[in-house]
Amino acid sequence: MNRPTTFSDFRSDTVTRPSPEMLAAMSAAEVGDAVYDDCPTTSALERLAAERLGKEAALFFPTGTQSNLAGLMAHCGRGDEYIAGQQAHVYRSEGGGGAVLGSIQPQPLPNEADGTIALEAIAAAIKPDDFHNAMTKLLALEDTFNGIPLPDEYLQQATELAHAHGLATHLDGARLMNAAVATGRDPAWIASWFDTVSLCLSKGLGAPIGSLLIGPRDLIERARRVRKMVGGGMRQTGYLAAAGIYALNNNVDRLREDHERAQRLSQVLREYPELGAGDAQTNMVFMTPVAGFDAAAFTGFLAERGIFVGGYGTLRWVTHLDVDDTDVEAVARTCADYF
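What you see is a predicted model, and the numbers here were worked out from it, not measured in a lab.

What counts as what
- Residues numbered from 1 in each chain as written.
- Predicted model: local features only at pLDDT ≥ 70, side-chain atom pairs only at ≥ 80, totals over all residues.
- Heavy atoms only, no water.
- Axes fitted to C-alpha atoms, helices over the stretch in contact; angles between N-to-C directions.
- Helix = DSSP H or I, 4+ residues; strand = E, 2+ residues; numbered from the N terminus.
- Parallel < 35°, antiparallel > 145°, perpendicular 65-115°, else oblique.
- Contact = heavy atoms within 4.5 Å.
- Nonpolar A, V, L, I, M, F, W, Y, C, P; charged D, E, K, R; others polar.
- Pairing = 2+ DSSP bridges.
- 1 Å grid on protein atoms, 1.4 Å probe; cavity = no way out; pocket = protein on both sides within 12 Å on 5 of 7 lines; lining within 4 Å.
- Points joined across faces, edges and corners; volume = space filled by probe spheres on them.

Engineer: Is there a simple way to think about the packing of helix H12 (residues 255-269) against helix H14 (residues 325-338) in this case?
Structural biologist: Working note: a packed helix pair is described by the angle between its axes plus the distance between those axes. Interhelical geometry of H12 versus H14 gives an angle of 5 degrees and a closest axis separation of 10 Å. By the criterion of interaxial angle, the relationship of H12 to H14 is roughly parallel. Touching Arg261, Arg264, Leu265, Val268 and Leu269 of H12 are Asp325, Val328, Val331, Ala332 and Cys335, all from H14. Looking at the contact of H12 with H14 residue by residue, the class counts come to seven nonpolar, no polar and three charged.

In structure tokens:
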């Protein structure tokens with residue numbers, strides 16, 4: 001993509017680059033061979049993450065897709081089934097890895113606007129113990145979902161329903177820290193409802209690479225085998241783990257700035273009803289232009305002026321640590337010029 005020298009990148013919080021302080025921590029990291037489990041910095045990151053989320057153990061992965069896959073495969077065997085939202089990332093946007101690599105059948109159910117799945121739908125989808133059926137083993141939820149934190153009461157109700165039927169629970173918590181900051185909840189409280197949690201370090205937390213799977217030690221050891229099987233066993237990961245430690249120690253509370261900036265961005269976009277912009281609960285603003293509005297012309301106009309936004313049809317603006325107030329001001333000026 002040809003970009004101006006100076007640009008505002010709202011496509012995703014995955015575009016963040018390490019700060020000088022994070023780079024210094026990476027450069028100074030003590031490393032070993034993580035496949036042999038003797039990389040001290042990687043082990044320190046895993047202990048820190050497990051402690052922060054109140055779990056026994058954690059395991060470092062290169063990507064959230066691989067972390068979620070290992071979570072699915074740690075919980076489910078060949079021919080088992082997991083329940084997830086129809087719009088959930090783990091079902092829709094991870095290449096069908098659970099089915100392709102784990103032979104795990106997905107049972108997708110409609111997501112409500114707030115990311116929840118109706119409790120009645122979950123209960124109805126759980127298969128009876130009959131040899132005609134796949135064995136339903138897992139409920140997978142996502143928090144945040146399209147930038148919306150799952151409601152506190154729902155976390156309890158959905159996971160208690162699953163556990164009452166003998167299902168395990170997994171949280172795709174790629175942006176769990178955004179949910180925690182937005183709701184004022186301790187991230188360990190959110191994680192407490194789930195057996196395993198996948199936490200991404202390379203989105204709003206600003207690390208260049210990395211996710212963690214966090215949960216009971218026996219499940220994490222199963223996931224370690226899966227990680228090796230799918231090529232995720234890396235060597236001197238301490239350099240990357242140092243970035244993760246810096247992110248967890250320095251970049252969680254500052255997510256509040258991203259949320260405030262997204263709210264201001266939403267106010268700017270909502271001045272133009274044609275854009276169909278929604279509110280921001282965390283660091284995302286979604287925009288569904290009204291019928292007849294030329295969204296491609298609008299995004300092209302933005303891009304020519306160094307402003308980049310993601311999505312197709314429904315557009316997504318994401319604030320992050322590499323976006324500041326001047327970027328939001330640039331959007332305001334550019335929208336005024338366009339309209």
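Resuming the write-up.
Engineer: What should I look at first to understand the sheet that holds strand S7 (residues 196-200) in this one?
Structural biologist: What holds strands together in a sheet is hydrogen bonding between their backbones, with the strands either parallel or antiparallel. If you trace the seven strands from one edge of the open sheet to the other, you get S2-S8-S7-S6-S5-S3-S4, paired in mixed fashion. A strand with exactly one partner marks an edge of an open sheet, and here the two such strands are strand S2 (57-61) and strand S4 (105-109). Within the sheet, the average angular offset between the axes of one strand and its neighbour, ignoring direction, is 20 degrees. Note: S7 against strand S8 (residues 211-215), four bridges, orientation antiparallel. Looking at S8, one finds that Cys200 is bridged to Ser211.

Engineer: Sorry, what's going on with the layout of surface pockets here?
Structural biologist: Regions of empty space are outlined by a rolling probe, equal in size to a water molecule, passed over the atoms. Within this model, the largest pocket holds a volume of roughly 830 Å³. Surrounding the largest pocket, 34 residues form its lining, His89, Ser93, Asn146, Arg175 and Arg316 being those nearest its centre. If you list the elements that add at least two residues to the lining of the largest pocket, you get helix H3 (64-75), helix H4 (89-92), S7, strand S9 (284-287), strand S11 (310-312) and strand S12 (314-318). Residues that form the lining of the largest pocket fall into these classes: seven nonpolar, 19 polar and eight charged. Considered as a void within the structure, the second largest pocket measures approximately 190 Å³ in volume. Lining the second largest pocket are Asp37, Ser43, Glu46, Arg47, Ala50, Glu56, Ala57, Ala58, Arg217, Ile220, Glu221 and Arg224. Breaking the lining of the second largest pocket down by element, the ones donating at least two residues are helix H2 (40-52), S2 and helix H10 (217-229). The class makeup of the residues in the lining of the second largest pocket is four nonpolar, one polar and seven charged.

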